[in-house]
Amino acid sequence: MTYNVSPIGFVRSCFKEKFAIPRQPQLAPAARGVLELVAPFDQGDAVQGLEQVSHVWLLFLFHQALEDKPRLKVRPPRLGGNKSMGVFATRATHRPNGIGQSVVKLDRIEADRLWISGIDLLDGTPVLDIKPYVPYADIVGSASNDIASAAPGLIPVQWADSALLQARDHALRLDEPLVELVEQCLAQDPRPAYQIPTAEREYGAQFWDLDVRWHYPEPGVIRVLEVVPAGK
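Residues numbered from 1 in each chain as written. Predicted model: local features only at pLDDT ≥ 70, side-chain atom pairs only at ≥ 80, totals over all residues. Heavy atoms only, no water.

Things to note about helix α3 (residues 178-186)
Thinking step 1. For α3, every residue scored as buried is listed here: Leu178, Val179, Leu181, Val182, Cys185 and Leu186. The buried residues of α3 all sit within an arc of 165° when viewed along its axis, so they share a single face.
Thinking step 2. Packed against the buried residues of α3 are β9 (157-159), α2 (161-174), β10 (202-207), β11 (210-218) and β12 (221-229). (Buried < 20%, exposed > 50% of the residue type's maximum accessible area, 1.4 Å probe, protein only. Helix = DSSP H or I, 4+ residues; strand = E, 2+ residues; numbered from the N terminus. Arc of directions from axis to C-beta. Contact = heavy atoms within 4.5 Å.)

Digging into the pattern of salt bridges
Thinking step 1. Considering all chains together, one arrives at 13 salt bridges under this definition.
Thinking step 2. One salt bridge connects arginine 173 with aspartate 209, and the closest N-O pair in it is separated by 3.0 Å. Taken as a pair, arginine 173 in helix α2 and aspartate 209 in the loop between β10 and β11 lie far apart in primary sequence, 36 residues in all. (Salt bridge = Lys/Arg side-chain N within 4 Å of Asp/Glu carboxyl O.)

Digging into the side chain of aspartate 120
Thinking step 1. With respect to the secondary-structure elements, aspartate 120 resides in the loop between β7 (113-117) and β8 (126-132).
Thinking step 2. One polar contact links aspartate 120 to serine 102, side chain to side chain, over a distance of 2.5 Å.
Thinking step 3. Other than its neighbours up to four places away in sequence, aspartate 120 contacts Phe15, Ile21, Pro22, Arg23, Gln24, Pro25 and Ser102. (Polar contact = N/O pair within 3.5 Å; in protein donor to acceptor, adjacent residues only side chain to side chain.)

Section: the pairing of strand β1 (residues 9-13)
Thinking step 1. Of the two faces of β1, the one lined by Gly9, Val11 and Ser13 is fully buried and the one lined by Phe10 and Arg12 carries no buried residue.
Thinking step 2. Note: β1 against strand β2 (residues 32-37), 5 bridges, orientation antiparallel. Bridge pairing links arginine 12 to valine 34 in β2.
Thinking step 3. Here β1 pairs with β8 via 2 bridges, running antiparallel. When the sheet's bridge partners are listed, phenylalanine 10 is paired in β8 with proline 126. (Pairing = 2+ DSSP bridges.)

It is worth stressing that arrangement in space is one thing and function is another; only the former is reported here.
Here it is as structure tokens:
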């Protein structure tokens, strides 16, 4: 038996590529985007009442990780990418039907779009449904998860003086908390856990329309080197 689903909207996100996206929602409060609704959900009726809600669940498709053959086991980044586990014991992007879920903060509502933050969604993500977050039902005080019992540890993020000036200038242009976004994402150390970076090796990711480059001057420390328009 098969079912057909259609997106109710698409996310316009600060994340233009998968690398450096937080591995769970709410880990980077400065990560913002807009969920643009499509017809017939873009006339205002479908979002009536959401002004009473602070957070929503988004059900979406991992549109850049869809696979014809389902995986029974995956290698979660949380475990260093070297240990395999059953797919249903993880939140890996390689899902049997490519479906993900995120709880995001609802910042502003318009008839045809929702302004959201704390996101972990790639630009262009198709959204299948929106559901209000219900604290009394969604918070389970006795819940446990021995695989991921706490948020990942953060590492210090330093800035080259020139990079910080660049980030502040672009933050004003974008009207976005760019410095906070970069720090919150990089502090979670986006590199694969099995890599041992040298001080000479540089990493990069795109946030909004900017390329951010950094390195590890010493183990466990990130230093942002430059923030420049993408492609330059």
